[in-house]
Amino acid sequence: MKLSGVLAATLLLAGCGGRDIKSASSSPTAADWKRVVTPEDMDRLRNWRVAFVKALDEAKASGSSAKIAREGDLLVPDAGMQDVALVSGRYHCRVIKLGSTQSGVAAFTPYPAFDCLVNDEGEVASFAKIGGSQRPVGLIFDDGGFRKIFLGTMMFGDETRPLEYGRDAARDMAGAFQRIGEKRWRLILPYPRFESVMDVVELVPAT
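Residues numbered from 1 in each chain as written. Predicted model: local features only at pLDDT ≥ 70, side-chain atom pairs only at ≥ 80, totals over all residues. Heavy atoms only, no water.

### Considerations on the packing of aromatic side chains
Okay, so step 1: Tallied over the entire structure, the rule returns four aromatic pairs.
Okay, so step 2: Between F127 and F177, the ring centres sit 5.6 Å apart and the planes meet at 65°, which makes this aromatic pair edge-to-face. Of this pair, F127 sits in strand β4 (residues 125-129) while F177 is found in strand β7 (residues 172-181), placing the two residues 50 residues apart along the sequence. The two residues F127 and F177 agree in class, both being buried.
Okay, so step 3: With a centroid separation of 6.1 Å and 90° between ring planes, the pair formed by F150 and F177 is classed as edge-to-face. Highlighted residues: F150 in strand β6 (residues 148-156) and F177 in strand β7, separated in sequence by 27 residues.
Okay, so step 4: Judged by relative accessible area, which is 0%, F150 ranks as buried.
Okay, so step 5: Ring pairs connect the aromatic residues F127, F150 and F177, which therefore count as one cluster.
Okay, so step 6: The ring of F114 is capped by K129, whose NZ or CZ atom sits 4.7 Å from the centre of that ring. (Phe/Tyr/Trp six-rings, centres within 6.5 Å; stacked < 30°, edge-to-face > 60°. Helix = DSSP H or I, 4+ residues; strand = E, 2+ residues; numbered from the N terminus. Buried < 20%, exposed > 50% of the residue type's maximum accessible area, 1.4 Å probe, protein only. Lys NZ or Arg CZ within 6 Å of the ring centre and 35° of its normal.)

### Side note on helix α3 (residues 48-61)
Okay, so step 1: The end-to-end C-alpha distance of α3 is 20 Å, a good match for the 20 Å that 14 residues give at a rise of 1.5 Å each.
Okay, so step 2: Of the residues making up α3, those classed as buried are W48, A51, F52, A55, L56 and A59. All buried residues of α3 fall inside an arc of 125° around its axis, so they share one side. In α3, the exposed positions angled more than 90 degrees off the buried face are occupied by V50 and A61.
Okay, so step 3: Once α3 ends, the next one or two residues include G63, with phi positive near 100°. (Expected span 1.5 Å × (residues − 1). Arc of directions from axis to C-beta.)

### As for the nonpolar core
Okay, so step 1: In this structure, W33, F52, L75, L98, F141, L151 and V200 are the most contacted members of the largest nonpolar core, which totals 32 residues.
Okay, so step 2: Residue assignment for this core shows that the elements contributing at least two residues are α2 (39-46), α3, β1 (89-98), β5 (134-142), β6, β7 and β9 (198-205).
Okay, so step 3: Of the residues forming this core, the biggest block, six residues, is contributed by α3.
Okay, so step 4: Setting aside anything within four residues of it in sequence, one finds L151 in contact with W33, V36, V37, G138, L139, F141, Y165, M173 and A174.
Okay, so step 5: Formed by 20 residues, the second largest nonpolar core is a distinct cluster that contains C93, M154, F177 and L189. (Core = buried A, V, L, I, M, F, W, Y, C linked by side-chain atoms within 4.5 Å. Contact = heavy atoms within 4.5 Å.)

It is worth stressing that arrangement in space is one thing and function is another; only the former is reported here.
Right, here's the structure in full:
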């Protein structure tokens, strides 16, 4: 399924800073993520918990146990709660990379917060990072009460349109949104393409 049209409109929305929020597509199709996901990303999603535990074990072995504990449920694999209830709006987001797939890369790496946007597109929702040299953008699909599936692509530099999901495996992103508290969510990205074993993105509503 081609998602480039919705992704492109989502990007344009994110680029305007979230003002004048409108639907990125008047009629998104095929809201079943299993009809969209690539086989490689399906394997990532199936093995998300294996990746999470492995990444945490590596981070703890590197001496980051106290930092992990301070994050609370954000870094507890089974902390996802019933009813994801992720609503449209602007969020403050931050990424923690866990585990390492490259020598010289730390097994626990937190990054500064950034703004991101969730928008209702009808049958699906969209997610985009606002600004920066690396910008995830994609769609959010329902998948039961405990998670929503994210499928998207990574944009770099001054690119103005995202690649179609499934066209370039090095750009594809797959993960799951989970609610972990009152007005607190996370996006888990198992086995991302670069550096880490698990990326965890915290989302809290912007005030």
